[in-house]
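# Observations on the three-dimensional arrangement
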Protein chains: 2
Amino acid sequence: MATLKDVAKAAGLSVGTVSRVLNNRGYISEETRQGVYTAMERLNYQPNEVARSLSRQKTNTIGLIMPSIEHPYFAKLISCLERAAYEREYKVLLFCAYGIDDQEKKFVEACRSNRVAGLIICSDTVRTQTFNNLGFPLVSYERYLDSSDACVLCDNHEGGRMAAQELIAKGCRRIGCLSGTSRVGMPADTRKEGFLEACRQQEIETIELDFPPERTIDTRYYPDILEFMKKNEGIDGLFCGSDVIAAEAIQAAVELGVSIPDRLKVIGYDDTLLSELTMPKITTIHQPVKEMAEMCIDLIDKKNNGDFVPARTIFHVSLVNRGTT
Amino acid sequence: MATLKDVAKAAGLSVGTVSRVLNNRGYISEETRQGVYTAMERLNYQPNEVARSLSRQKTNTIGLIMPSIEHPYFAKLISCLERAAYEREYKVLLFCAYGIDDQEKKFVEACRSNRVAGLIICSDTVRTQTFNNLGFPLVSYERYLDSSDACVLCDNHEGGRMAAQELIAKGCRRIGCLSGTSRVGMPADTRKEGFLEACRQQEIETIELDFPPERTIDTRYYPDILEFMKKNEGIDGLFCGSDVIAAEAIQAAVELGVSIPDRLKVIGYDDTLLSELTMPKITTIHQPVKEMAEMCIDLIDKKNNGDFVPARTIFHVSLVNRGTT
DNA sequence: TATGGTATGTCAACCGTTTAACATGTTTGA
DNA sequence: TCAAACATGTTAAACGGTTGACATACCATA
């Protein structure tokens, strides 16, 4: 592939001058600039980003460590992150831990090797993990991490509370709470706390069903949910920790001949594509994923510019009323 | 961050020797090897992949250009590709075109700049596009591309035929065919052809509904499907070009009080996570995405080794019987 | 004792680009 | 007419690692 040297030769200029054109440094005449552009065109030249990165001592790549790609929530998150990164001229290096032990640590090392401009972690493989002297900003997303430079969250507690409010307002008096538990303390765990707290305050009965830590996307909650609903017939409301759980709750309800939202009201969490593809569509708690993703990139930029970054940035959530309440 | 030189100094060795340890070249005593390892450990050393790539004149990064991330099918595909890449020691650079014009071309240039080891394209932004002198193998996935080194496909025609077969076997005599059309000629278009051909051969009536090219994931087919079903009441079967379409068809059927699979049988395409989360679950055509993803990486490896690669590799599809037929 | 394998060091070139220092012109304007 | 701005060139070092040529040992074995 053509190099700067080739372009210089083709344009009858020195490498220094061509580099000036590329980087907009120093004085350049319009004529020379055009000459360089046509030479680049003719040679089908693309600057070698690898050499550039080495010379500049930084890349324009951001690392992403996710627990899953296929799960609708993470698919949405990755999509938003890719877009936000692209808009800031970053490229995205994607890693997925799939709940496999040690993957996360390896990926962090891979990011170090590749000298990424920043790293966004949303995975939860390792219980506690301190990453020091990374050499680039570390942003944790919906996860507490001692060594992160910044943490982007949404108000999970409030989301749980809002869900409870909605179900109670629609007349539910005996509500099931279906949520996955994490091995580590994750912010998402507080959804349940917020929910239970709100119910307690209004003296609404709650019955909990906790799922073991989700290891892979293949984990199905359906059998547990079905059993739970059979065992607790009087339930008239269901708070689900994610839209996936809500979708399976709907399946169980249909299976048992319980009509939604007449006899049972269901509320999900995440506002993913899935919440629009079930029947009825899922009333859910919306997380401003797009804005949160943009904030992640923003925080990396800021940190790299030596600007101040807050330890935690917490976003509001909102209720999206669809068909299940 | 620590460099090779630092490690050499710490271990009391020359840079050359340390490099030998890292790359398993020449003679190295066990003692020296351990000395290098402990020094690396102590300095928290990670080889600079950027410098390595420049020196070796190749990266271990594979570029991915997708049309969408959030769409369940592409989420699944990206997931499989990430895994397959990781298993071969590749990292994945993810780009998403979102149906925006020219994005694809820009992404290809970005991949050239980053000197990727190979590029997998599944996008369809530009009608015709020839990429020449890329400097790395180009694999197209479910897409025809003149300039690609290899094309990985599944037997869409056969998938359409199988779907028809299933619906007819289950008693359908008047079948709707709901599918998106691409502006460019895409392999997926042949699903419909296979389906229609099989119906014609068995003299089964078909009624088509074509959706305009899908530009973003936000495109909802629901209104069109609902209208279509109202207008064509006698329909007892539905072939859908994707699971998303099938999910929306189910919504429309429930809305109209048409019970599935009793009065209407529906068959989807892709076998994504979504097909397990609707009620009833979607009978669908399974694509061996995992194997196809592995093949993509394999073809890049082969091409880079100077091995022969077939122009097209076509995979079998299969029917997954769930609840809608 | 000579040979060849083992183990390490030194040195230099190279990958493609950036950047600074410095030199050498040509224009332009006050 | 002289200084400042403009335009380009030359040269060299730097980024961090790879690789090959070559030198220098030590040690075992035939």
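Counting from 1, residues in each chain are numbered in the order their sequence is written. Chains and ligands are labelled by the order in which they are written, letters from A for the one and numbers from 1 for the other. Local features in this predicted model are restricted to residues of pLDDT 70 or higher, and side-chain atom pairs are both shown and tallied only at a pLDDT of 80 or more, whereas totals for entire chains, interfaces and linings draw on every residue. In computing side-chain values, all of the structure's heavy atoms are included and hydrogens and water are not.

### Concerning the relation of the copies chain A and chain B
When chain A is brought onto chain B, the operation consists of a screw motion whose angular component is 180° and whose axial shift is 0.0 Å, with 0.1 Å RMSD remaining. Look at the turn and shift together and you get a two-fold axis relating the two. For chain A, the minimum C-alpha distance to the rotation axis belongs to Leu-93 of chain A and amounts to 2.3 Å. By definition, residues are in contact when any of their heavy atoms lie within 4.5 Å. The residues that chain A uses at the interface reappear at the interface of chain B in 100% of cases, marking a shared surface. Superposing the copies works by least squares over the C-alpha atoms of residues that have pLDDT at least 70 in both of them.

### Section: the protein's contact with DNA strand D
Near residues are defined by distance, with any heavy atom within 4 Å of the molecule or strand qualifying the residue. Taken together, 25 residues lie near DNA strand D, and Thr-17 and Thr-32 of chain A together with Leu-4, Tyr-45 and Arg-52 of chain B sit nearest. We call two N or O atoms a polar contact when they sit within 3.5 Å, provided that within protein one can donate a hydrogen and the other can accept it, with sequence-adjacent residues counted only if both atoms are side-chain atoms. Within the backbone of Ser-29 of chain A, an N or O atom sits 2.8 Å from a phosphate oxygen of DNA strand D. Ser-55 of chain A is positioned such that a nitrogen or oxygen atom in its backbone is 3.3 Å from a base oxygen of DNA strand D. Here a strand is any run of E in DSSP of at least two residues, a helix any run of H or I of at least four, and the numbering for each starts at the N terminus. At the level of elements, α2 (15–23) and α4 (49–56) of chain A together with α2 (15–23) and α4 (49–56) of chain B are the ones that each hand at least two residues to the surface near DNA strand D. Element by element, the count of residues in the surface near DNA strand D is highest for α4 of chain B, at 4 residues. The residue makeup of the surface near DNA strand D, split by class, is 8 nonpolar, 12 polar and 5 charged. Here the nonpolar group is Ala, Val, Leu, Ile, Met, Phe, Trp, Tyr, Cys and Pro; Asp, Glu, Lys and Arg are the charged ones; every other residue, Gly included, is treated as polar.

### Concerning the protein's contact with DNA strand C
Taken together, 25 residues sit near DNA strand C, with Leu-4, Tyr-45 and Arg-52 of chain A together with Thr-17 and Thr-32 of chain B positioned nearest. Near the protein, within 4 Å, the atoms of DNA strand C are sugar or phosphate in 68% of cases. Contact distances for DNA strand C include 2.5 Å between a phosphate oxygen and a backbone N or O atom of Leu-4 of chain A. A distance of 3.2 Å separates a phosphate oxygen of DNA strand C from a polar side-chain atom of Asn-23 of chain A. Listed by contribution, the elements that provide at least two residues to the surface near DNA strand C are α2 and α4 of chain A together with α2 and α4 of chain B. No other element matches the 4 residues that α4 of chain A contributes to the surface near DNA strand C. Residues of the surface near DNA strand C, tallied by class, amount to 8 nonpolar, 12 polar and 5 charged.

### As for the nonpolar core
Counting residues in hydrophobic clusters, the biggest one holds 104 residues, and the most contacted among them are Ile-120 and Tyr-141 of chain A together with Ile-120 and Tyr-141 of chain B. The contacts of Tyr-141 of chain B, once residues within four sequence positions are left out, are Tyr-73, Leu-77, Ile-120, Ile-121, Cys-122, Val-152, Gln-287, Val-289, Met-292 and Cys-296 of chain B. The criterion is simple. A nonpolar core is a set of buried Ala, Val, Leu, Ile, Met, Phe, Trp, Tyr and Cys residues joined through side-chain atoms within 4.5 Å. Categorising residues by exposure relies on relative accessible area from a 1.4 Å probe, with only protein chains included: less than 20% of the type maximum marks a residue as buried, more than 50% marks it as exposed, and the intermediate range marks it as partly exposed.

### Some thoughts on the interface of chain A and chain B
With 61 residues of chain A in contact, the opposing surface of chain B contributes 61 residues. As a working definition, buried area equals the accessible area (1.4 Å probe) given up by two parts on being put together, with both sides summed. Taking both sides of the interface into account, the surface hidden between chain A and chain B amounts to around 5,500 Å²; carbon and sulfur atoms contribute 58%. Salt bridges are identified by distance alone: a Lys or Arg side-chain nitrogen within 4 Å of an Asp or Glu carboxyl oxygen. Taken together, chain A and chain B are joined by 0 salt bridges. Listed by contribution, the elements that provide at least two residues to the side of chain A that touches chain B are α4, α5 (72–87), β2 (91–96), α6 (103–113) and α10 (243–255) of chain A.

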